[in-house]
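What follows is the residue order along each chain.
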Amino acid sequence: MAKRQFKTESKRILDMMVNSIYTHKEIFLRELISNASDAIDKLSYKVLTESDSKVGKDDFRIDVKVDRGAGTVTVSDNGIGMTAEEMEKNLGYIAHSGTLEFKKEIDDKDNESIGQFGVGFYSAFMVADSVRVVSRAYGAETANVWESEGVDGYTIKEGRKDGFGTDVILHIKDDKGSEEYSEFLETERLRELVEKYSDYIRWPIHMTVDESEWKETGEKDEKGEPKKDYVTTKVDKVVNSMVPIWKKSKKEADDEKCREFYKDKFRDYEDPVSVIRVSAEGNVTYKALLFVPAKAPYDFYTRDFQPGLQLYSNGVLIMDKCADLLPYCFRFVRGVVDSPDFSLNISREVLQHDSQLKAVGSNLTKKVKKELERLMKEEPEKYARFYESFGRQLKYGVVDQYGRDADLLKDLITFHSVKQGKQVSLAQYVEDMPEGQTKIYYVTSETAAHAKDLPQAEPVLAKGYDVLAFTDEIDTFVTNVLREFDKKEFCNVTTEDLGLESEEERKEAEKKDEEYKDLVAFAKETLGEEVADVRISRKLRNHAVLLTTQGNITFEVEKYFREMPGQAGDGIKAARVLELNTDSGAFRSLESAFRTDKERAGKIVRVMYGQACLMAGQSIENPVEYSDLVLSML
Ligand code: ADP
Ligand code: MG
């Protein structure tokens, strides 16, 4: 029979698995056992909902067997098994969502990340030169055999197997120089690995281990005492403790253990930034073990990402991804929730209306928020790391659903403080406000570093007030939804009244407006439709010009809609306002030209407008024409 080929991505991963010096070869056993356990979970769930099932919960087991003579290790389970089609689909094709990101990661030779992509089964090839999978699906009459020696491909043919479930048989590689494989043919070594990585697996893992003891031989010695021999016998033993980690106390399973569990179960190669333990009694009794990851999974910001917590009822998995417990904005949280009160055949629809679950969900949401606040205060570096990955999620959460979760999230979001040169929360900003400051000032800017040089920020900073740099397009939307924080209004320093003027300054400014009325009208006429207004600036100190907007549509909003697919952005345009600084040289040139040479004055106005556009990061509509204009004036 012709060999079938692995799909391209699978090939690359296999290649890498086999050829890279993977420091954790030993994890293959954990991967196979975890698959066996998943398979039993699936079957146990299935038979729960079947009334006339012949399968008893107590029959489930995983076996790890060594055959030194044949050079094989076998991991068996009596779980749900696989049909030929399932073998083809599940074992012939890895990294189902093989996205670009995924390939990028692989190119980075980031070996540690491998587990993230559901390539667990393939880790077998790190220690085996051939792998045989014999599986009989629950309810099927026949079994199938999948066989592969690695990159060359695999075959699937019919076979025989007593009972349903799966045997994964690894033929262990020969030792090669410093690369030792024979250790994996030692029962004691495998037992160690089970204890290290798979202790919490909920199903019994059986091994045949040596047990030695003194035994009476039946004869008597010289003194007439019964004779004893030290004999070693092979006994079948359950080698894991089977207590799920979330049922253990902090003493039995410290944070380090929980982090290991997280990495293993949720396929992350980085420690989570937080471990959250919840143990509740009362109306609903439950335990939860939640994690806040440090980094977003590669598909987090795509449609492929499936959020949700695992639900257990007394240790039985009842739902793999329950997305309804935590609000969408907390969908980065991973973890498990276990309660004897959860109904076994709970479904999505039931869930949304279940008041007990609602209570659990709202309590967990509070716990997550509290933990994030703690992290922000007590471990700011960790929070910063978390925020780098998920900050945008939180900000989107504020805006989403007309601000439904804004209250929950407003204390968790941070912005770049121009004064302090780092991220600060709104509470921190308000706390640092000097006497007399009444607003929260912000400026939109390409980059945080850029913000402190922007002319718009100048007068506020000069006053000793901090300015938040909004570098993400979502930021302005956040303030639109929140409107205020701690009764302090947000103020866009570019477009809004800064509220910094004294009565005297205001009078002075009004006098100026009157004085330059004609010039301003002339400039406005010159620019025509391009601007909504031209004004004598009350903000500028060092710069000659400033381009701002008036109304609700800022440059950021305009950009946001422009970049949206389709016609959504049509007609959405910010109303531009050109501000002129009367103390600048450019303005003096304009003023004198206005008196003597109107044509030249018009050109100066156009150049001032063009420069203002550039400073605001806006493109010039006709760059060639504009450059010719500037050059003609030199
Ligand atoms: P993951 O466990 O993350 O899905 P794996 O590479 O470990 O990825 O396994 C791939 C798939 O192969 C599993 O999702 C499962 O469908 C199937 N599989 C692997 N081992 C078994 C098994 N012992 N019994 C039944 N199905 C299995
Ligand atoms: Mg797996």
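Novice: Describe in detail the pairing of strand β22 (residues 575-580), supporting the description with residues and values.
Specialist: Burial runs high along β22: five of the six residues are buried. Relative to β22, strand β20 (residues 533-536) is paired through four bridges, and the arrangement is parallel. Across the sheet, the residue bridging to V534 is L578, located in β22. Here strand β21 (residues 545-550) pairs with β22 via six bridges, running antiparallel. If you follow L547 over to β22, its bridge partner there is L578.

Novice: Tell me about the side chain of K395, and name the residues and values.
Specialist: For K395, the position within the fold is in helix α9 (residues 380-403). Sequence-distant contacts of K395, defined by excluding residues within four places in its chain, comprise Y387, I413, T414, F415, I474, D475 and V478.

Novice: Please provide a residue-by-residue account of the packing of aromatic side chains, values included.
Specialist: Tallied over the full model, the rule gives 28 aromatic pairs. Measuring from centroid to centroid gives 5.8 Å for Y262 and F266, while their planes differ by 40°, and the two rings are tilted. You can call F266 buried: its relative accessible area is 12%. Cluster of aromatic residues (ring-pair linked, three or more members): F300, Y301, F305, F330, F332, Y383, F386, Y387 and F390. The ring centre of F300 lies 4.3 Å from the NZ or CZ of R331, which sits over that ring. Just above the ring of F594 sits the side chain of K598; from NZ or CZ to the centre is 4.5 Å.

Novice: Outline the confidence of the model for the protein, listing residues and values.
Specialist: Residues with a pLDDT of 70 or more make up 91% of the protein, whose mean pLDDT is 87. Contacts of residues 95-118 to residues separated by more than four positions or lying in other chains number 46 contacts, the stretch itself having pLDDT below 50.

Novice: Explain the pattern of salt bridges to me, using residue names and the numbers behind them.
Specialist: In this structure the tally under the stated criterion is 42 salt bridges. Of the charged contacts, one joins E213 and K215 as a salt bridge, the two residues approaching to 3.9 Å between their closest N and O atoms. Judged by relative accessible area, which is 40%, E213 ranks as partly exposed. Residues D407 and K410 are paired through a salt bridge, measuring 3.4 Å at the closest nitrogen-oxygen approach. A relative accessible area of 56% means that D407 is categorised as exposed. Each member of the salt-bridge network shares a partner with another, and the members are E256, R259, E260, K263 and D271.

Conventions and cut-offs
- Residues numbered from 1 in each chain as written.
- Chains lettered and ligands numbered in written order.
- Predicted model: local features only at pLDDT ≥ 70, side-chain atom pairs only at ≥ 80, totals over all residues.
- Heavy atoms only, no water.
- Buried < 20%, exposed > 50% of the residue type's maximum accessible area, 1.4 Å probe, protein only.
- Helix = DSSP H or I, 4+ residues; strand = E, 2+ residues; numbered from the N terminus.
- Pairing = 2+ DSSP bridges.
- Contact = heavy atoms within 4.5 Å.
- Phe/Tyr/Trp six-rings, centres within 6.5 Å; stacked < 30°, edge-to-face > 60°.
- Lys NZ or Arg CZ within 6 Å of the ring centre and 35° of its normal.
- pLDDT = per-residue confidence, 0-100.
- Salt bridge = Lys/Arg side-chain N within 4 Å of Asp/Glu carboxyl O.

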